[in-house]
Amino acid sequence: MKITLKDGSVIEAENGATPQSVALGISENLARAALIARVNGELVDLKTPLAGDCKLELLTYKDDDGKTAYRHTASHILAQAIKNVYPAAQLAIGPATNVGFYYDIDLPFAITMDDLAAVENEMKEIIAADLPIERISVTRKQAMAQMQGFNEVYKMQLIEELPARSKITFYRQGNFVDLCRGPHLTSTGKVKHVKLVQIAGAYWKGDEHNKMLTRIYGVAFEKKSEVEEYLAKLAEAKKRDHNKLGRDLGLFMTEERVGQGLPLLMPKGAKIIQTMQRFVEDEEERRGYMLTKTPFMAKSDLYKLSGHWDHYRDGMFVIGDEVLDDEVLALRPMTCPFQYMIYKNGLKSYRDLPCRYAETSTLFRNEDSGEMHGLIRVRQFTLADGHIVCTPEQLESEFKGCLDLCRFMLGTLGLSDDISYRFSRWDPKDRDKYIYDPKKWKAAEEQMRNILNDLGVEYIEKTGEAAFYGPKLDIQSKNVYGKEDTLLTIQVDMFLAEKFDMTYIDENGEKKTPYIIHRSSIGCYERTLALLIEKYGGMFPLWLSPEQVRVMSLTERTAEKCAELVAKLKAKGIRAEKDVRNEKIGYKIREAQMDKIPYMLIIGDKEAESGSVSVRRRNDDLGQMSFGEFSDLVRAEIESKEIK
């Protein structure tokens with residue numbers, strides 16, 4: 001049979017040859033490096049027999065799919081080690097991640113990181129044993145009997161959910177067998193370096209109504225230096241983790257009696273949010289947006305008209321009972337239907353368009369409790385929300401204006417280098433999730449793709465991530481651990497204007513249906529704050545810092561002067577506080593540094609008499625200058641929104 005390789009060359013091989021034997025025939029180095037293969041576009045194990053002429057690509061650790069198989073094999077090694085150390089453990093699932101793997105297990109007792117040392121040592125023994133990994137294909141009945149024999153209840157549930165006639169595959173390594181579709185490496189010894197790094201809780205199938213399982217995270221790399229580099233990055237990430245650092249700095253807190261996903265912004269955190277909100281609202285007004293203020297709740301009638309009731313009800317907080325009450329209210333998950341009603345209040349001409357509405361909106365979404373995380377994913381949040389109603393001819397220029405505003409905001413915040421773009425499309429197979437009209441979806445997606453290409457936006461496409469009413473451009477950002485979330489979106493809506501009977505009179509006097517763009521200029525303020533905490537490690541740019549200057553007395557004699565300077569700074573719009581405690585100045589400086597204060601003024605007798613100030617910028621001593629010079633310096637830095 002003829003085998004076409006990635007470089008286009010063709011080689012002859014005997015029937016029944018495997019990717020592994022082909023690799024060995026080419027070179028021993030390639031055979032050692034190859035981890036899995038792609039045959040006619042399908043990922044397979046290296047031991048899979050080839051049938052007839054085919055295209056073959058041998059994948060190594062340098063390939064993304066090679067890394068995934070490497071780390072998935074590591075997850076099976078973890079599962080085997082767990083069963084060896086804790087025979088009573090029941091296994092759930094264990095996929096690969098961007099840097100490693102995890103496995104969800106059900107244990108009759110709690111374990112700690114100290115307990116994982118024995119599991120990690122067992123993993124190393126399994127790797128050293130270089131156990132061959134074998135793929136086994138069985139019927140559904142045989143698979144169920146196999147898992148019943150091992151009393152693996154979670155695996156039995158997974159098997160029950162598979163199609164009745166499907167062939168089911170297991171992978172065996174030594175005396176350990178696990179349900180898996182693969183592919184995997186040829187032996188456990190192919191995995192070189194692993195490290196277990198975290199224990200967390202995870203609901204079975206991500207459903208809070210199911211049992212909480214123990215999730216063990218690990219990393220797997222080809223080189224020991226890669227593990228060490230990752231662990232160093234992880235240590236730095238933990239220092240910057242907003243969920244810890246934000247609490248340590250007194251920016252936000254949570255309280256069990258308040259509820260999950262409902263963070264309490266403390267004065268410092270609230271000040272940062274307020275500063276961003278004022279900046280956003282002023283910039284939006286400068287760009288022609290009109291401010292609205294709409295209710296936090298509405299009757300179900302409004303959500304039924306918009307489609308949220310049919311497509312998003314599970315994510316809403318409903319007040320009342322639809323059967324017993326005449327009026328059913330629900331907290332708003334979006335602002336769009338409210339602003340549509342404002343648009344409909346009065347006849348609109350093409351001369352009135354584009355009509356740009358903006359609002360700082362408090363929104364409510366019933367996220368699963370297992371998804372809650374600090375300020376990243378919450379149940380009540382504040383969004384810089386907005387909608388543009390425009391003519392078809394204005395769509396591209398308005399979309400461009402939205403993207404320009406987003407880029408300006410993210411650039412000012414210093415987040416531009418940390419984002420990527422995703423073109424989120426609908427999934428025509430998921431009829432319950434979307435308004436079903438294939439022609440309109442095709443037209444909208446083509447138009448949006450053309451706009452993105454015209455604007456030179458580099459993006460990836462993702463099926464199934466669109467809003468229920470239209471495609472969208474998601475601007476993605478990653479937290480310190482590399483987990484990706486949507487920071488803000490720009491969406492093209494081709495359904496709701498018609499649903500709400502929104503119209504305008506064109507230049508020929510005819511009634512037309514407008515286009516709508518849903519957009520945010522800075523996204524969810526809470527999530528943005530989380531990213532800023534992690535980006536700057538709490539050392540925010542001066543204009544965002546909740547406390548910009550701390551004035552410290554060197555002796556008790558200068559306490560009154562410190563209070564006077566603080567009053568003058570506040571009069572100039574500079575956020576300042578005083579520290580006149582009877583403590584050594586070194587102690588006060590260290591505390592200010594721990595609080596991430598940008599500027600410190602130290603006032604001794606000499607400064608009080610001369611009217612000068614001794615200035616420190618974080619860890620740098622800037623020496624003495626007049627109070628006027630200092631206040632002008634600070635005001636200029638605030639107004640420029642400079643990032644130092």
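Scroll up a little and you will see the structure.
Model, not experiment: these values are computed from the prediction.

Trainee: Please clarify how the sheet that holds strand β20 (residues 380–390) should be interpreted in this entry.
Mentor: The strands making up a sheet associate through backbone hydrogen bonding, with each pair oriented either parallel or antiparallel. In spatial order, the strands read β15-β19-β20-β27-β24-β23-β21-β22; together these eight strands make up an open sheet with mixed pairing. With one partner strand each, in any of the chains shown, β15 (290–291) and β22 (459–463) form the two edges of the open sheet. Two elements, strand β24 (residues 484–493) and strand β27 (residues 515–524), share four bridges in a ladder whose sense is antiparallel. Looking at the pairing, Gln491 lines up with His518 of β27. Running over the sheet, helix α9 (residues 267–286) touches β19 (355–364), β20 and β27 and is turned about 150° from β27.

Trainee: Explain the sheet that holds strand β16 (residues 297–299) here, please?
Mentor: Here three strands make up an open sheet; going across it, the order is β16-β18-β17 and the pairing antiparallel. Among the strands making up the open sheet, the edge pair consists of β16 and β17 (318–319). As paired elements, β17 and strand β18 (residues 329–331) share two bridges and run antiparallel to each other. Counterpart to Val318 in the pairing with β18 is Ala330.

Trainee: Any chance you could explain the packing of aromatic side chains here in plain terms?
Mentor: How two aromatic rings sit relative to each other is set out by the distance from centre to centre and by the angle between their planes. What the rule picks out here adds up to 16 aromatic pairs. Considering the side-chain rings of Phe221 and Tyr230, the 5.9 Å spacing of their centres and the 40° angle between planes classify their relative orientation as tilted. For the ring pair Trp426 and Trp441, a centre distance of 4.9 Å and an interplane angle of 5° mean the geometry is stacked. Residue Trp426 is found in the loop between β21 (419–425) and α14 (438–454), and its partner Trp441 is found in helix α14; the two are separated by 15 residues along the sequence. Residue class for Trp426 comes out buried when judged on its relative accessible area of 8%. A network of ring pairs unites the aromatic residues Trp426, Tyr434, Trp441 and Phe495 as a single cluster. Positioned over the ring face of Tyr61 is Lys67, at 5.0 Å from the centre of the ring. Its guanidinium or amino end placed over the ring of Tyr343, Lys348 lies 4.9 Å from that ring's centre, counting from NZ or CZ.

Trainee: Help me out: how do you make sense of the nonpolar core in this one?
Mentor: Most often, soluble globular proteins have nonpolar side chains that are buried together. Among the nonpolar cores identified, the biggest contains 69 residues, and Met276 and Phe630 are the most heavily contacted of them. With nine residues, the single largest contributor to this core is helix α13 (residues 395–413). If sequence neighbours within four positions are ignored, Phe630 has contacts with Val549, Leu569, Tyr599, Leu601, Val613, Val615 and Met625. In this structure, Ala69, Ile82, Tyr86 and Leu196 belong to the second largest nonpolar core, which totals 39 residues.

Trainee: Looking at this structure, how should I read a nonpolar patch on the surface?
Mentor: A contiguous nonpolar surface patch, about 210 Å² in accessible area, is contributed by Met253, Val258 and Leu264. On the secondary structure map, Leu264 appears in strand β14 (residues 264–265).

Trainee: It is not clear to me how the pattern of salt bridges should be interpreted in this structure. Could you clarify?
Mentor: Should the charged atoms of two oppositely charged side chains come close, the side chains can pair. Tallied over the full model, the rule gives 45 salt bridges. Residue Lys195 pairs with Glu120 through a salt bridge whose shortest N-O separation is 3.5 Å. Of this pair, Lys195 sits in strand β11 (residues 193–203) while Glu120 sits in helix α4 (residues 116–129); the two residues are 75 residues apart in sequence, bridging distant segments of the chain. Look at Lys195 and you get partly exposed, because its relative accessible area is 30%. Overall, Glu120 belongs to the buried group, its relative accessible area being 9%. Between Glu283 and Arg287 there is a salt bridge, with its nearest N and O atoms 2.8 Å apart.

Trainee: How do you make sense of a negative patch on the surface when you look at a structure like this?
Mentor: Together, Asp207, Glu208, Asp368 and Glu371 make up a negatively charged patch on the protein surface. Position of Glu371 among the secondary structure elements: in the loop between β19 and β20. Accessibility expressed as a relative area gives 40% for Glu371, which makes it partly exposed.

Trainee: Can you help me understand the pairing of β24 in this one?
Mentor: Note on strand geometry: in a regular strand, side chains alternate between the two faces of the sheet. With eight of its 10 residues buried, β24 lies for the most part within the structure. Pairing geometry for strand β23 (residues 472–478) and β24, over seven bridges, is antiparallel. Following the sheet pairing, Lys472 is matched in β24 by Gln491. The turn linking β23 back onto β24 is made up of five residues, and Gly482 within it adopts a positive phi angle of 90°.

Trainee: Just to check I follow, could you spell out the side chain of Glu57 for this structure?
Mentor: Positionally, Glu57 belongs in strand β5 (residues 54–59). Within the structure, Glu57 has its side chain in polar contact with the side chain of Lys6 (distance 3.4 Å). For Glu57, the residues in contact, after removing those within four places along its chain, are Lys6, Ile36, Ala37 and Arg38.

Trainee: Please clarify how the environment of Gly259 should be interpreted in this entry.
Mentor: Tracing the backbone through its elements, the reader meets Gly259 in the loop between β13 (252–253) and β14. Spatially, the C-alpha atoms of Gly259 and Ser369 are 9.9 Å apart, while their sequence positions differ by 110 residues.

Trainee: How should the packing of helix α3 (residues 64–85) against α4 be read in this particular structure?
Mentor: Helices that pack against each other are described as a pair by the angle of their axes relative to one another and the distance between those axes. Close contact between α3 and α4 brings their axes to 8 Å; oriented N to C, the two are set at 120°. Judged by the twist between their axes, the crossing of α3 over α4 is right-handed. Contacts from Ala74, Ile77, Leu78, Gln80, Ala81, Ile82, Asn84 and Val85 of α3 reach α4 at Ala118, Val119, Glu122, Met123, Ile126 and Ile127.

Trainee: Just to check I follow, could you spell out the pairing of β19 for this structure?
Mentor: The element β19 is extensively covered by neighbouring structure, given that 10 of its 10 residues are classed as buried. Residues Cys355, Tyr357, Glu359, Ser361 and Leu363 line one face of β19 and the alternating positions Arg356, Ala358, Thr360, Thr362 and Phe364 line the opposite face, and both faces are buried. Where β15 and β19 come together, two bridges link them in parallel fashion. Each residue of the ladder has a partner; that of Leu291, found in β19, is Ala358. Here β19 runs beside β20; their pairing, made up of 10 bridges, is antiparallel. Following the sheet pairing, Cys355 is matched in β20 by Val389.

Trainee: How should I be thinking about helix α16 (residues 525–536) in this particular structure?
Mentor: Structural remark: α-helix, 3.6 residues per turn; residues separated by three or four positions point the same way. Taking 1.5 Å as the rise per residue, α16 with 12 residues should run 16 Å; its terminal C-alpha atoms sit 16 Å apart, in good agreement. Taking burial as the measure, the 12 residues of α16 include 11 buried ones, the bulk of the element. Among all positions of α16, only Tyr525, Glu526, Arg527, Thr528, Leu529, Ala530, Leu531, Leu532, Ile533, Glu534 and Tyr536 are buried. Downstream of α16 by one or two residues, Gly537 has phi in the positive range, about 60°.

Criteria and cut-off values
Residues numbered from 1 in each chain as written. Predicted model: local features only at pLDDT ≥ 70, side-chain atom pairs only at ≥ 80, totals over all residues. Heavy atoms only, no water. Pairing = 2+ DSSP bridges. Helix = DSSP H or I, 4+ residues; strand = E, 2+ residues; numbered from the N terminus. Contact = heavy atoms within 4.5 Å. Axes fitted to C-alpha atoms, helices over the stretch in contact; angles between N-to-C directions. Phe/Tyr/Trp six-rings, centres within 6.5 Å; stacked < 30°, edge-to-face > 60°. Buried < 20%, exposed > 50% of the residue type's maximum accessible area, 1.4 Å probe, protein only. Lys NZ or Arg CZ within 6 Å of the ring centre and 35° of its normal. Core = buried A, V, L, I, M, F, W, Y, C linked by side-chain atoms within 4.5 Å. Patch = residues over 30% accessible without salt bridge, like charges linked within 9 Å, V, L, I, M, F, W, Y side chains within 5 Å. Areas by Shrake-Rupley, 256 points an atom, 1.4 Å probe, with all protein chains shown as cover. Salt bridge = Lys/Arg side-chain N within 4 Å of Asp/Glu carboxyl O. Lys, Arg positive; Asp, Glu negative; His and termini not counted. Charge placed at Lys NZ, Arg CZ, Asp CG, Glu CD. Polar contact = N/O pair within 3.5 Å; in protein donor to acceptor, adjacent residues only side chain to side chain. Left-handed = near helix turned anticlockwise from the far one by under 90°. Expected span 1.5 Å × (residues − 1).

Purely geometric stuff here, so don't read any function into it on its own.
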